[in-house]
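Okay, here's what each chain looks like letter by letter:
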Amino acid sequence: MRKLRSIRATAPGRAGIIGNPTDGYGGSLVSCSIAERATATIVPADQLILVNKTGQKVLKWENDFANQGDYFDIVRSVLRYFKLYDLKAKITTETTIPEQAGLAGSTAVIAAVLAAVSTYIGKNYNRYFLAELNRTIELNYMKCQCGYQDAYMTTFGGLNYLDFRGKEYYKDLHNEQYGTVENLAEYVNELPLVVAHTGVKHHSGQFHKPLRERWLEGDPAVVKAYEDITAIAREGKKAIINGDWDRLGYLMNENHRIQNSIADSGEQNNYMIKVALENGAVGAKLAGAGGGGTIIVLTFDPERTKAALLQAGADRFVELDPNAQGVTVEYAEEFGYQEAAPAKEN
């Protein structure tokens, strides 16, 4: 008999520095956590109650767990995976990550909910399996086209080189290879980067799906683009470790040029990137998928660049945190609970 009263888990968002969006195509990236986090809290209750900023839902019947296109679908999807139709608990989700901003906001909520719920029912997953489970839920339960960067970054946190060679095609969860996660924070004393939210919302799945279909069909432009961006990311890793910021700026610009040549990155994104490069930045690109969201800028004159971006329509700046923890269970206080059998999936 374990004793738990309440569990609170948090997970960070992320900003892609170089290499995105090759994470769904066997590519490589360098990505950094942001300071903003998603939170999930679970406490015992006499019925199953879901709470978020839009209100609350009580799930009574099995069909209440089906996706309904609202803010409760993430929790519904996690509960469906575990088949927790008889769970009696109150699950509350909150986030400070800008919504639909290309910063892995939804995936961070999944990571937090997964950590809270799995701890609550007595399962103990390693981080690699937890990241893969996160991606599986987003793809197969949320029905959102996605790569691996978000699931790995929200789970591991930090400043990481990510390599997804051998993961070009989605497999069953238990047949997936684990990606490579190499933390670079110890080699980096500064990150002269500014992350600016454009204020334009997007849905990453809608952006990714047409590109995925073109890639699967063997479209030469898309295949070549992602081979080139993958090579750029591996070179970018070296530039970051060596502090060769001029080289990194050049590579960021190339990353954006190639991606924009196969899929329009969005009018506001492209405008803000142009403004940044005209006002002190040496490199600028999307921090996420595109079509809205957030840009990441390498600049040695951040005040000038930020002022110009504000005038161009940026509605906020997001702080990078290279030392951020990944998904974390922050506390577990006591109540009587029969522990489930240990997880065997990992």
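Preceding block: the structure.
So, how was this worked out
- Residues numbered from 1 in each chain as written.
- Predicted model: local features only at pLDDT ≥ 70, side-chain atom pairs only at ≥ 80, totals over all residues.
- Heavy atoms only, no water.
- Pairing = 2+ DSSP bridges.
- Helix = DSSP H or I, 4+ residues; strand = E, 2+ residues; numbered from the N terminus.
- Axes fitted to C-alpha atoms, helices over the stretch in contact; angles between N-to-C directions.
- Contact = heavy atoms within 4.5 Å.
- Parallel < 35°, antiparallel > 145°, perpendicular 65-115°, else oblique.
- Left-handed = near helix turned anticlockwise from the far one by under 90°.
- Nonpolar A, V, L, I, M, F, W, Y, C, P; charged D, E, K, R; others polar.
- 1 Å grid on protein atoms, 1.4 Å probe; cavity = no way out; pocket = protein on both sides within 12 Å on 5 of 7 lines; lining within 4 Å.
- Points joined across faces, edges and corners; volume = space filled by probe spheres on them.
- Buried < 20%, exposed > 50% of the residue type's maximum accessible area, 1.4 Å probe, protein only.
- Salt bridge = Lys/Arg side-chain N within 4 Å of Asp/Glu carboxyl O.
- Polar contact = N/O pair within 3.5 Å; in protein donor to acceptor, adjacent residues only side chain to side chain.

Engineer: Help me understand the sheet that holds strand 12 (residues 316–318) in this model?
Structural biologist: Paired through backbone hydrogen bonds, the strands of a sheet run either parallel or antiparallel to each other. Reading across from one edge, 10-11-9-12 is the order of the four strands in this open sheet, with antiparallel pairing throughout. Each edge of the open sheet carries a strand with a single partner, namely strand 10 (281–286) and strand 12. Across this sheet, the average inter-strand angle for adjacent strands is 30°, counted without regard to direction. Inspection of the sheet shows strand 9 (residues 193–197) paired to strand 11 (residues 294–299) by five bridges, in the antiparallel sense. If you follow Ala196 over to strand 11, its bridge partner there is Ile295. Against the sheet, helix 7 (residues 245–262) touches strand 9, strand 10 and strand 11, its axis set at about 35° to strand 10.

Engineer: Can you walk me through the packing of helix 6 (residues 220–242) against helix 7 in this structure?
Structural biologist: Helix-helix packing: each pair is described by the crossing angle between the helix axes and the interaxial distance. Across the interface, helix 6 lies against helix 7 with an axial gap of 9 Å and an inter-helix angle of 165°. Our classification of the angle between helix 6 and helix 7 gives roughly antiparallel. Viewed along their axes, helix 6 and helix 7 form a crossing whose handedness is left-handed. Across the interface between the two elements, Ala221, Val222, Ala225, Tyr226, Asp228, Ile229, Ile232, Glu235, Gly236, Ala239 and Ile240 of helix 6 pack against Trp245, Arg247, Leu248, Leu251, Glu254, Asn255, Ile258, Gln259 and Ile262 of helix 7. Here the residues of the contact of helix 6 with helix 7 are counted per class, giving 13 nonpolar, three polar and four charged.

Engineer: Help me out: how do you make sense of the layout of surface pockets in this one?
Structural biologist: Rolling a probe over the atoms, with the probe sized like a water molecule, indicates the empty space that remains. For the second largest pocket, the calculated volume is near 160 Å³. In terms of lining residues, the second largest pocket is bounded by Ala115, Ser118, Thr119, Lys123, Asn124, Tyr125, Arg127, Leu130, Val327, Thr328 and Val329. When residues of the lining of the second largest pocket are traced back to their parent elements, those giving at least two are helix 2 (105–120), helix 3 (127–141) and strand 13 (328–333). When residues of the lining of the second largest pocket are assigned to their parent elements, the largest contribution, three residues, is made by helix 2. By residue class, the composition of the lining of the second largest pocket is five nonpolar, four polar and two charged.

Engineer: Could you clarify how one ought to interpret the pairing of strand 5 (residues 55–59) in this entry?
Structural biologist: Looking along a regular strand, one sees side chains alternate from face to face of the sheet. Pairing of strand 4 (residues 48–52) with strand 5, which is carried by five bridges, proceeds in the antiparallel orientation. When the sheet's bridge partners are listed, Leu50 is paired in strand 5 with Lys57. The loop that links strand 4 with its antiparallel partner strand 5 comprises two residues.

Engineer: Could you clarify how one ought to interpret helix 4 (residues 149–156) in this entry?
Structural biologist: Every α-helix carries 3.6 residues per turn, so stepping three or four residues along brings you back to the same face. The buried fraction of helix 4 is high, at eight of eight residues. Taken together, the buried residues of helix 4 touch strand 2 (6–18), strand 3 (28–44), helix 2, helix 3, strand 7 (159–163) and strand 8 (180–183). Count one or two residues on from helix 4 and you reach Gly157, which has phi positive near 65°.

Engineer: Got a minute to help me understand the packing of helix 2 against helix 4 in this structure?
Structural biologist: At a closest axis distance of 9 Å, the pairing of helix 2 and helix 4 adopts a crossing angle of 50°. Judged by the angle between their axes, helix 2 and helix 4 are oblique. Of the two possible hands of crossing, helix 2 and helix 4 adopt the one that is right-handed. Within the contact between the two elements, helix 2 uses Thr107, Ala108 and Ala111 and helix 4 uses Asp150, Ala151 and Thr154. Partitioned by chemical class, the residues of the contact of helix 2 with helix 4 number three nonpolar, two polar and one charged.

Engineer: Whenever I open this one, the pattern of salt bridges confuses me. Can you help?
Structural biologist: Side-chain pairs of opposite charge can arise whenever the charged atoms involved come near each other. Applying the stated rule across the entire model yields 17 salt bridges. Across the pair Asp219 and Arg214 runs a salt bridge whose closest N-O atoms are separated by 3.0 Å. By sharing partners, the salt bridges in this structure join Glu132, Arg135, Lys167 and Glu176 into a single network.

Engineer: Explanation requested: unusual backbone geometry in the structure shown.
Structural biologist: Note: most peptide bonds trans; most residues except glycine with negative phi. The amide bond that connects Asn20 to the next residue, Pro21, takes the cis arrangement and shows omega of 10°. As for its position among the elements, Pro21 is in the loop between strand 2 and strand 3. A positive phi is found at Lys83, a non-glycine position, where the angle reads about 55°. When you line up the elements, Lys83 lands in the loop between helix 1 (73–82) and strand 6 (89–95).

Engineer: What is the right way to read the side chain of Ser33 from this model?
Structural biologist: Position of Ser33 relative to the elements: it lies in strand 3. Judged by its relative accessible area of 0%, Ser33 falls in the buried class. Of the polar contacts made by the side chain of Ser33, one reaches the backbone nitrogen of Gly158; its length is 2.8 Å. Filtering out sequence-adjacent residues up to four positions away, Ser33 remains in contact with Pro12, Gly13, Arg14, Met153, Gly157, Gly158, Leu320, Asp321 and Ala324.

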